[in-house]
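# Chains, contacts and geometry: an overview
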Amino acid sequence: GVVGLAYGSNIMALRGLDDNGSGTLLGLLSAVTYAAENGARVINNSWGGSFRSAWGDAVIDYARSLGALVVSAAGNEALQTCSNFPANSENSMAVGAVEPFDVLAYYSNYGVKTDVVAPGGDSFGPPNDILSTLSPGSLLSSGSVVPGGCGSYLYLAGTSMAAPHVSALGALIWQVHPTWNAEEVKQRIRKSVLPLGQAGANGFDSTHGYGRIDAPLAVAPGAPPPIASVSSPANCTTLVAGTGSAPVNVLGEAGGSGFVGYRVDIAPGIDPAPSDFSALGGGTSPVPVGGVLWSNLHQISLANGTYTLRVVTSNNVGVLSEDRNEIAFRSAYISSPTNDALIRVPSLSILGNVPSSLLRMSSGAWVPDPLVKYTLAWRKPTGSSVIFHTSLTGSTNVLGPWTTSAIAEGDTFVELKATYQSGVILQDEVRVVIDRLLRQGFPAVINESFTVKSPAVADLNNDGQKEIVYGASVFRADGSVFPGWDNSPGLGRSNPAIVDAVGNDGKLEIIAAVMSTYIGAQTNMPNCGGPVIYCYPWTGKSAPVWSFQPQNPAGTNVCNNIGVPSTISAADVDGDGKLDVVFTVNYPLQSPAHTTLFVLDAATGVLKAQRDILGYSISSVALANLDAAQDAAAELVMSQQSGGGNNTYVMKF
C-alpha cells in the first residue's frame, strides 16, 4: 500500500463502488451508515454526483450525530461545490484540490461551501499527481501505472485525492486530542491552514475556502476551538423575503469549551471583507445542534442578490471560530402569476412583494432606504415594455391590477421594477401565456415526467358526456379526474385502447400500459420491470380485469425488460370472431436494439403470439381489414424509422 498521513490509524475499508468506479447511491449511503454506527471517527467520501439529496443529507446528518467527521470531495466539474453531493450536504466537510505551488486545480469545484483545499494533483501524471493503490482489473489500469511488489499503483488527480488528505489530518488531530468532538476537529483544520487568495486578508476565499491544510499547525498543542455552525438556510438557497413569506430562522450550533458568546452576521457578495459584515444579532448562551441562532431572517428587507451569512463564536481566551453559508435574497418579486401560467381572464391582480423600505449599512449601522416608486409593465418577446401600474408605496400582497383583454395572445412578460432612494433598483420578471381559447380547468396536471401520448375520448358511463382518456388516466371535460381514476397515466408512448373487451356486454374497458415501479437491486435504475398491460373496467383502476407483463425474449441483463410500449390497438387479427390486443415494445438498451410484437386475447389477456419484427424503432401498430373480400382478419400496419427514412409494412397475423 501507500503510506499515508495518518499511518498509525485504523482503517475501516468499506466498498461502495466497483472496480470501474460505478455503484449506487443506496450502496454508498449504506456504507456511510455502517461506518458511523460501527464507530468510525472520520468518514472519507471520494465520490460524488451532480445532485442534491434530502435522503443523503439525512444520512450525513445521522453520521455527524454519532460523532463522525464526514469529509467529501468537492467535485471535479469546475463548478460550485453546492452542485455536488455529498460535498453540498451541510454536515459534510467539502475539500477542493490544489496543484503544486498551491494553485487551484483547473478541475476543482469551488465556492462558499468549500471548507479547505488539499493536494489533488494536476492530472498530467507523475510527479505532480497523487500515488494511489490500483484494484486488479480496474478500467483505470490504462493510466500512469507503477508496478509494485504487492500489486500496482496509479497516479491520479482529483478532489477524490484531496479529500483523503483532510480525512487523515482529522485522524491525526484526534490522536493528539482524543477528547475533542467532530466540530472542534473541523474548526482546527480550518484554522490551521495556509491562507490562499483573499483568505489572507478576509479570513476566507470562495475559491480556496479557509485555505490549504497544514498538518504541523493542525496537530500543535492547544485548547479546542469554539464551535460555530450554520445548518439553515442551506448553502446556495434562495430566501424569499417579506412578511407574507414562510418563516426562515437561522439554525446551527454555537458553544464549546470556554464559550463566551456568538453573533450572526450578513454581508453582500461571496467574498466580503470583515468590515462588510453587519451584525444581525447574537447571544451569550450556547445553542445546541440545530438550534435557533437568530429568528425571522425572512423579515429583513435587503436588496435582491447574493449574500454571505455567517455565525462567529468566541471563547474566554479570545479565540474565534466561524461558519458561513451563501444565500440569495428576493425582497421584491412577483409571486402570481407564476412562470408559464396560462392567462384566460380579461383582468387579474398581480401579487408579490415590494418593501416600502430596504435596509442598508451606512457607517457601521443599519439605515432605511425608502422606496421611491415601483412599476408594473408587460411586453411581448420582441416588443417594448408597456407600464400598466405605478405605485409610490410598497405592498406585501396585491401589487396592482392588469387588464389583458386588449393584449394579443401568446407569450407575454410581466415586469416589476422598484426604485429606492439610494438608487438601488430591484427587478423581477415572469413569463405567462395569454390564451383565451383554452377551456377552463385545463391544462390538466399529469403526474408523469416523460410521455409522448395522445388522448382519446369516449363516453365511458353512457351519460351523454365524453371523458378524456390519457394513458391510464381519465379526466372529465372540465379537467377534473374521473371518479375511480387518478392522474398517473403510466410511462412511455402508450395510448390506450377503449373497447368492449370483456363479456361483449356493451360496457367499455380501457387497455393501457403502465411501467412497473420496482427498482433493480443491482443497478438502482427505476422501471427495470418494463411495461405492464392492464385491462381496466371503466369504473376505475383499483380492480383490473387482467394484466400482462411482456417478457423480452432477447434480454440478458438484470434490466432486460426496460422497453417503451407503442399505442395499444384492438381488432380481430386472426379471424376467429374474437377481439385481440396488439402492441409493440421497443427495447433500446439491448444489443442489438430491437422491437417485439405482442398479440393478446382481449377478454383474458392471454398471450396468443409474440415475435421480433423489423429491428428497433417500430411505431404504433394500426389494425385494419384491408382485404375484407378475402377473409375476416385484420392486417397489421406499422412503420420503421431508419437512417434512410421511414418504411411502412403490412403484415398478416
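In this report, the structure presented in the accompanying data block is examined.

What counts and how
- For every chain, the first residue of the written sequence is number 1, and numbering continues from 1 along that sequence.
- In keeping with the predicted nature of the model, local features appear solely for residues at pLDDT of at least 70, side-chain atom pairs appear and are counted solely at 80 or more, and the whole-chain, interface and lining totals rest on all residues.
- Excluding hydrogens and water, the side-chain figures rest on all heavy atoms present in the structure.
- Every axis in this analysis is a line fitted to C-alpha atoms, fitted for helices over the stretch in contact. Angles between the N-to-C directions lie between 0 and 180 degrees.
- Strands are runs of DSSP state E lasting at least 2 residues, helices are runs of H or I lasting at least 4, and numbering of each runs from the N terminus.
- Geometric relationships in this document are graded by angle, where less than 35 degrees denotes roughly parallel, more than 145 denotes roughly antiparallel, 65 to 115 denotes roughly perpendicular, and other angles denote oblique.
- Throughout, a crossing is termed right-handed when the near helix is turned clockwise from the far one, and left-handed when it is turned anticlockwise from it by less than a right angle.
- Any two residues having at least one pair of non-hydrogen atoms within 4.5 Å are treated as being in contact.
- Classes in brief: Ala, Val, Leu, Ile, Met, Phe, Trp, Tyr, Cys and Pro nonpolar; Asp, Glu, Lys and Arg charged; the others, Gly included, polar.
- As used here, the term nonpolar core means buried Ala, Val, Leu, Ile, Met, Phe, Trp, Tyr and Cys residues forming a set that is joined through side-chain atoms within 4.5 Å.
- Any residue under 20% of the maximum accessible area for its type is buried, any over 50% is exposed, and the rest in between are partly exposed; the area is computed with a 1.4 Å probe on protein chains only.
- Whether two strands pair comes down to DSSP finding at least two bridges between them.
- Pairs of N or O atoms are called polar contacts if they sit within 3.5 Å, as long as, within protein, a hydrogen donor faces a hydrogen acceptor (for residues adjacent in sequence, only side-chain-to-side-chain pairs).
- What a helix should span is 1.5 Å times the count of its residues minus one.
- Salt bridge, as used here: a side-chain nitrogen of Lys or Arg that lies within 4 Å of a carboxyl oxygen of Asp or Glu.

## Focus on the packing of helix α1 (residues 25-37) against helix α2 (residues 54-65)
- Orientation of α1 relative to α2, taken along the N-to-C sense of each, is 15°, at an axis distance of 9 Å. Judged on the interaxial angle alone, α2 and α1 are roughly parallel. Here the hand of the crossing between α1 and α2 comes out left-handed. Residues Leu25, Leu26, Leu29, Val32, Thr33, Ala36 and Glu37 of α1 lie in contact with α2, whose contacting residues are Trp55, Gly56, Val59, Ile60, Tyr62 and Ala63.
- For the contact of α1 with α2, the per-class residue count stands at 10 nonpolar, two polar and one charged.

## Notes on the nonpolar core
- Residues Leu297, Leu309, Phe329 and Trp402 are the most contacted members of the largest nonpolar core, which totals 46 residues.
- Not counting residues up to four positions away in its chain, the partners in contact with Trp402 are Pro346, Ser347, Leu348, Ile350, Trp378, Phe388, Ile407, Thr412, Val414, Val432 and Ile434.
- Counting residues in each nonpolar core, the second largest holds 30 residues, with Val71, Ala97, Val166 and Trp174 among its members.

## Focus on the sheet that holds strand β13 (residues 259-268)
- Here five strands make up an open sheet; going across it, the order is β11-β17-β16-β13-β14 and the pairing mixed. The open sheet terminates on both sides in strands that have one partner only, identified here as β11 (237-240) and β14 (278-283). Each neighbouring strand pair of the sheet contributes to a mean axis angle of 30°, computed without reference to strand direction.
- Note: β13 against strand β16 (residues 305-315), nine bridges, orientation antiparallel. Residue Arg263 lies in a different strand from β16, and its bridge partner there is Val312.

## With respect to the sheet that holds strand β29 (residues 473-475)
- Strand order in the open sheet formed by three strands is β27-β28-β29, and the pairing between neighbours is antiparallel. Whereas interior strands pair on both sides, the edge strands pair on one side only; in this sheet they are β27 (456-458) and β29. Each neighbouring strand pair of the sheet contributes to a mean axis angle of 30°, computed without reference to strand direction.
- Looking at chain direction, β27 and strand β28 (residues 467-470) are connected through three bridges and run antiparallel. When the sheet's bridge partners are listed, Val457 is paired in β28 with Ile468.

## Side note on helix α4 (residues 182-191)
- Burial runs high along α4: nine of the 10 residues are buried.
- Within α4 the residues assigned to the buried category are Ala182, Glu183, Glu184, Val185, Lys186, Gln187, Arg188, Ile189 and Arg190.
- For α4, the capping residue at the N-terminal end is Asn181, with a side-chain oxygen 3.1 Å from the backbone nitrogen of Glu183.

## Description of the environment of Ala6
- The residue Ala6 is located in the segment before α1 in this model.
- The class for Ala6 is buried, based on a relative accessible area of 14%.
- Linking Ala6 and Gly170, residues 164 residues apart in sequence, is a C-alpha distance of 8.7 Å.

## Remarks on helix α3 (residues 159-176)
- Spanning 18 residues, α3 covers 26 Å between terminal C-alpha atoms, matching the ideal 26 Å at 1.5 Å per step.
- In terms of burial, α3 is a largely internal element, 14 of the 18 residues being buried.

## Notes on the pattern of salt bridges
- Under the criterion given, the structure shown has 20 salt bridges.
- The residue Glu322 makes a salt bridge to Arg324 at a minimum N-O spacing of 2.8 Å.
- The class for Glu322 is buried, based on a relative accessible area of 14%.
- Given the relative accessible area of 3%, Arg324 is considered buried.
- Notably, a salt bridge pairs Glu415 with Arg379, separated by 2.6 Å at the nearest N-O pair. With Glu415 in strand β25 (residues 410-420) and Arg379 in strand β22 (residues 365-379), the pair connects residues that are 36 residues apart, well separated along the chain.
- A relative accessible area of 17% places Glu415 in the buried class.
- Residue classification places Arg379 among the buried residues on the basis of a relative accessible area of 18%.
- The structure contains a network of salt bridges with shared partners spanning Arg263, Asp265, Arg310, Glu322 and Arg324.

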